[in-house]
Amino acid sequence: MTGDYEDLGLTPEEELDLEADWNLPLAFTKQRHTEKIEGTTTLTQTWRMKERMKTVSVALVICLNVGVDPPDIVKTQPCARLECWIDPLSTSPQKALEGIGANLQKQYERWQPRARYKQSLDPTVDEVKKLCTSLRRNAKEERVLFHYNGHGVPKPTVNGEIWVFNKSYTQYIPLSVYDLHSWMGTPSIYVYDCSNAGIILKSFRDFSTQGDKPTEEAALNASQTSTSSLASTSTTAVKSCIQLASCGPNELLPMSPDLPADLFTSCLTTPIKIALRWYVLQNSGKLISGLTQERVDRIPGQLNDRRTMLGELNWIFTAITDTIAWNVLPRDLFQKLFRQDLLVASLFRNFLLAERIMRTYNCTPVSCPALPPTYQHHMWQAWDLALDLCLGQLGDILDNGASFKHSPFFAEQLTAFQVWLNYGSIDRNPPEQLPIVLQVLLSQVHRLRALDLLGLFLDLGPWAVSLALSVGIFPYVLKLLQSSARELRPLLVFIWAKILAVDNSCQADLVKDNGHKYFLSVLADPYMPAEHRTMAAFVLAMIVNNYPNGQEAAMKGNLITICLEQLLDPAHLLRQWLALCLAKVWTNFSAARWCGVRDIAHEKLYCLLDDPEPQVRAATVFALGTFISNSTERSDHANNIDHTVGMKLVNMVNDGSPLVRKELAVALGGLVQQFETQFAAVAYQFMEEERLKQTTPLLVTGVTTGGWNLVNVASDGGSSSSGSGSSGSAGTKASTKPGGLKTVALSPLQSYNSSGGSSYESLSGSVDITVIPNLPSERIKRVSSSTSLTGILNKSLGNVFTNGWSTLLHLATDPFPDIQNMAKSIVNVVNLKAKMSAQPRQMKQSTTISHSAPASPSNKPIIPIMSETPPPSTHDSSALINPSTSEIPIGSKYRYSTQFSRSRKMFDKGPSVVTADEKEEEPVVPLVKNQPMATEFFSWCCIHFAQSVKRLPEDHDLDLESSTHHEREFKFIRNANLRREARSEQLRAGLGRLDEEIFVNKNTSLPTVIRFQPYEPNIAVADKEGVSVWNWEQGVHIHHFANHNPRNSRITSMDFINAHDKTLLLTGSDDGAVRVWNDFCGLTEAGTQLLTAWQALSDMLPSNRGSGIVTEFEQESSHLLVSGDVRLIRLWDVNREMKLRDIPTGADSCVTSLSTHQSTDRSLLIAGCGDGSVRVYDRRIPSPDCRIMTLREHKGWVVKVHMQGCTNGKIVSASAAGDVRFWDPRSTESIHTVNTANGLTALEVHPYADVIACGSVNQMIRVFNTSGDSLSVIKYHEGFMGQRIGAVTCLAFHPYKVKLAAGSTDSFITVHSTPENKKR
């Protein structure tokens, strides 16, 4: 990011300094860190009609009595006479009546050609009844339409009765709407074209209101009269009727001779013809010279041919009326009227035109359900413009034979839609052109642009997808999948990815129409960009997600083979979705699993377990987990495959990403489901060994100047030598450490029954170092690598059950709580089954047990395990997590490699086994298979496509006007100003005092690590179990939070990450775990949150004095260097969340301090060790040979090493003996030495100023420069009779300012500065 900072008055050097913050990468800010890993609530299917309807029968009732006018209506002269565009007086009455009926049927057939039409011309009541009942009987549950033309009969009565004739046509006979409804039934639609038609709707509403409260008497007499029967009809049935009336209750139909008599019917059935006629009658028609009604009737083309003028006008009319309805009506009403039934939708679109035209003649068409007024909607202006442009060409076309120029209507509407997209958001009204975009999809001319704009709209979020589905876009994009046009592929794949990300129910429609084949072809197309193949993989994953028909269809389409061929594609998102697609296609689908076995899919997926992207690794573990969890039939081949995959998966136990380890826990849970008995047996053996270890002495190491020595701790607390020479793979020296062992650490692994035991000694031949869990020690550390989990998980040892169980125990102590809880739930259930299966049992019929190994040539018999100890009555998690603390049944020992019976599970109770003390059958152990475990990782991954893909959250800096950009810019300017102001302090620091106490307070506990937040006036102080944050300028305590490290561990390292921007806090505890915290100051409502945590070091060595964990974070490279009580320096890439390499230290002691060169390449790495050596490594050299120098002048524990940042920077080191040495990296001899007090406990070197501070057990802090000149000695707190400071435990310099923070054994923390600062 670059910017223009001329207004700030910065020099070029200061501008470069400011730009440095923009260029620094951020760590732990991805969505997997900041979001909760869970899916979103799926879209409620409001857009999909619960039931589609079809109008299958139409009753055309025409009461004209041609030649006889009704007595209650006085017609004007001349008067409107056309009925269905026929003049009834132009021929004989009967012939005219028949012609009108035939024309009306043809007009309706234009909208519903497959319906069953029945005409009833000038009918009697009985004829209407017979017609209606017959149509209802044939229609069954479908809709019936009743069209009534009452132009030749009196107006409806106030009771809502319409008029028909008697047989001799001498009387008008009333027909009750109640009777009519009883004959028509539901669902039905009524069209009334007569004067005062609104009375009928009012009467119908009154009737439906009565139906809400049927009386008891009406219910009893329901079979006697149709009225009472109708009164008992449910309100739902009445409301399912749709009614259209030509005018209000007190209005007469227009009688203008320029209009047809059945104007309402003409609007409903011939909208374009009447719209053109009305256009000519209006003043706007006079704008076009020579435009007459006769010429308008000669407009060329067909209504159903969009390439002609008439067809295009009809297409534009449909788009406009659809748009008006969608923008005006409520969504549910729009769905009911415009999407449920094609005929009803056509009638209501035309009803909008009827309202516009008839209102100009003082008639207001009404409907039930009622519609809001639409006659003044501004989209009618677009219709008028389209008519102007089309009819303006009519003269030239008719007279000169000119070709028709298509209307720019759709192109202009797409442009308007595009303008909305440029400024649209969820806060604005929806784009009114959306229904027009749907219509444009039908046109090949505009289709490509329409799909592109539609994709941009759907990309705005789930709300946009919901709107598009509600407008009815689904059937259009589904039909487009039949297109073979390659240019549509990227657009259709994108649109379908958006739809399925919001509503997964569309999978059934895709499979039904073979739409999945379209996406299979896209995914298999090597010329298709990776982005579009990724979307195709996502769509296919959604098609097979929990849908067996989709799984089978995809498998038959070779989905597995297509995915496997692209696993090594450079696009990480494609690799991720290929793995997820494979996972879903064989989830609980054995046929797909065996198809994968034939293609060695599991082996091909192994390469992705080392993928640099954590989400790809998690998806791969997820795929392998479902691969081994869905086999229903057990066979030797299936077992061998599961064992192989399981052995591969346990390697992921130390992955740096919680996503991966969480999926690993689920995968191992699936493995336990398949082999629960074998895992229970292994769990029982672990319990047995834990019990036996209680009487076994402990071997740990003591740190001496020569390195680590094995110390044998006897059960009485004393110590003895464990022998001489090296021992096992640890390469330790045997000697006796006088005084015994005071502090011994036990890793969480051992506290969870996963320590090595005699069984592993027999398997590996290594030295068995066991741990007594209940030692009265202050804290206990991890065992050596030969017996820790790393040794246990050596694949040459044991079988998949042993390694899988050890991995679960390790995950049960994972620093990330979700993973720990998941693993504990599995471990607890298996432990419970192991205990309950080991109860003493009485055999009713036979005491012999047959054994058969499923996949091993060895069929050695297994001695059944008996016990006199009853199982726990409750699921006591503490007893299950640490069974060694409770009484464990004693049984016969057997090796982990023993195979288990195929024909009968060893611990299975069987029908012939009962407990010794109970007559009733014992309760069944809750098996893991009855408690399936899963994560929401897949659903969370789907959110990527539900959100904006083309406007990713990570790209917010591209918007220079966003609040995020302004916030970052403010921070970076603040940072640059702070660095500039600090330079003057740095120049004076090496010459003046540094003992002004500007802050002092008592921490909640003894401080172990202290750090300045670089650009905020805060200090973070770590104690054994938590972190406190203080504002040292204001002197107030801000926040305290627990680190949640194990009880017997402490925080030994702390670093600020992204200090220049979104500051995070990294803590490291001496159990090898690293945690990263957000909002460590507790300023937000959410509070302090754990972003990530992982086991940075898994094989910590036991020691009576250890450095714990030592970290060094490099912001420029996003690398984390970790070491401590181990023989290596581990390099982690925090962006990839994976280990890059291990650098062997070559020392027999712990690493106490790390430092890297401050230059850009950071190739040099300095490590201080517990044996007094300072070791220099060049990271550009391969690990075995990268140690280039060892500096050995120190005689004791190295307290601190520091590499100065200048070009010719020196190495500064200090030991506990008090000697501070300066080294030239090119020489193995120190060039300068400064002697301080013996018993040095802490030393800090300012990264920019010529200042060094050291603290000691002598309750003193000494400050001096690199020349050795003493600047200050701090012994007392300031104030009258200030008390003596405590023994110093930790020191820290501010990264830029000359400020020194110190923590001491009396729990006081202080900040010292140059004398000009005031105390707070």
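All figures in this text were calculated on a predicted structure; none of them were measured in a lab.

## Quick look at the overall build of the protein
Counting secondary structure elements, the protein contains 43 helices and 42 strands. Split into buried and exposed, the 1320 residues of the protein put 59% on the buried side. Considering only residue pairs separated by 6 or more positions, the protein has 67% of its internal contacts joining residues 24 or more positions apart. For the protein, the accessible surface area stands at approximately 53,800 Å², while carbon and sulfur atoms represent 50% of it.

## Some points on the packing of aromatic side chains
Applying the stated criterion across every chain yields a total of 35 aromatic pairs. Look at phenylalanine 538 and phenylalanine 945: their rings are 4.2 Å apart centre to centre, the planes differ by 20°, and that puts the pair in the stacked class. On the criterion of sequence distance, the pair formed by phenylalanine 538 in helix H26 (residues 530-544) and phenylalanine 945 in helix H42 (residues 937-946) is long-range, its members being 407 residues apart. The ring of tryptophan 326 has arginine 331 lying over it, and the distance from NZ or CZ to the ring centre is 4.3 Å.

## Quick word on the nonpolar core
Of all hydrophobic cores here, the largest spans 260 residues; its most connected members are Phe146, Phe457 and Trp496. Excluding residues that lie within four positions of it along the chain, phenylalanine 146 makes contacts with Ala59, Val61, Val128, Cys132, Ile162, Leu180, Met184, Ile189, Tyr190 and Val191. One finds Ala27, Ile1057, Leu1097 and Val1122 within the second-largest nonpolar core, a separate group that totals 20 residues.

## So, the sheet that holds strand E30 (residues 1174-1178)
Within a sheet, adjacent strands bond to each other through the backbone by hydrogen bonds, running parallel or antiparallel. Read from one edge to the other, the open sheet built from four strands follows the order E28-E29-E30-E31, with strand pairing classed as antiparallel. A strand with exactly one partner marks an edge of an open sheet, and here the two such strands are strand E28 (1151-1156) and strand E31 (1187-1191). Direction aside, neighbouring strands of the sheet carry axes that sit 20° apart on average.

## Description of the pairing of strand E6 (residues 188-193)
By the criterion of burial, E6 is predominantly enclosed, with six of the six residues buried. Here E6 shows a buried face lined by Ser188, Tyr190 and Tyr192 and a second buried face lined by Ile189, Val191 and Asp193. Note: strand E3 (residues 143-149) against E6, six bridges, orientation parallel. By the bridge assignment for E6, phenylalanine 146 is matched with tyrosine 190.

## Notes on the packing of helix H34 (residues 658-674) against helix H40 (residues 817-837)
Two elements in contact, H34 and H40, have axes separated by 9 Å at closest approach and are oriented at 15°. When the axes of H34 and H40 are compared, the pair comes out roughly parallel. Of the two possible hands of crossing, H34 and H40 adopt the one that is left-handed. Along the contact surface, H34 presents Pro658, Arg661, Lys662, Ala665, Val666, Gly669 and Val672, while H40 presents Asp818, Ile819, Met822, Ile826 and Val830. Classifying every residue of the contact of H34 with H40 by side-chain character gives eight nonpolar, one polar and three charged.

Rules used throughout
Residues numbered from 1 in each chain as written. Predicted model: local features only at pLDDT ≥ 70, side-chain atom pairs only at ≥ 80, totals over all residues. Heavy atoms only, no water. Helix = DSSP H or I, 4+ residues; strand = E, 2+ residues; numbered from the N terminus. Buried < 20%, exposed > 50% of the residue type's maximum accessible area, 1.4 Å probe, protein only. Contact = heavy atoms within 4.5 Å. Areas by Shrake-Rupley, 256 points an atom, 1.4 Å probe, with all protein chains shown as cover. Phe/Tyr/Trp six-rings, centres within 6.5 Å; stacked < 30°, edge-to-face > 60°. Lys NZ or Arg CZ within 6 Å of the ring centre and 35° of its normal. Core = buried A, V, L, I, M, F, W, Y, C linked by side-chain atoms within 4.5 Å. Pairing = 2+ DSSP bridges. Axes fitted to C-alpha atoms, helices over the stretch in contact; angles between N-to-C directions. Parallel < 35°, antiparallel > 145°, perpendicular 65-115°, else oblique. Left-handed = near helix turned anticlockwise from the far one by under 90°. Nonpolar A, V, L, I, M, F, W, Y, C, P; charged D, E, K, R; others polar.

Geometric values such as these leave the question of function open.
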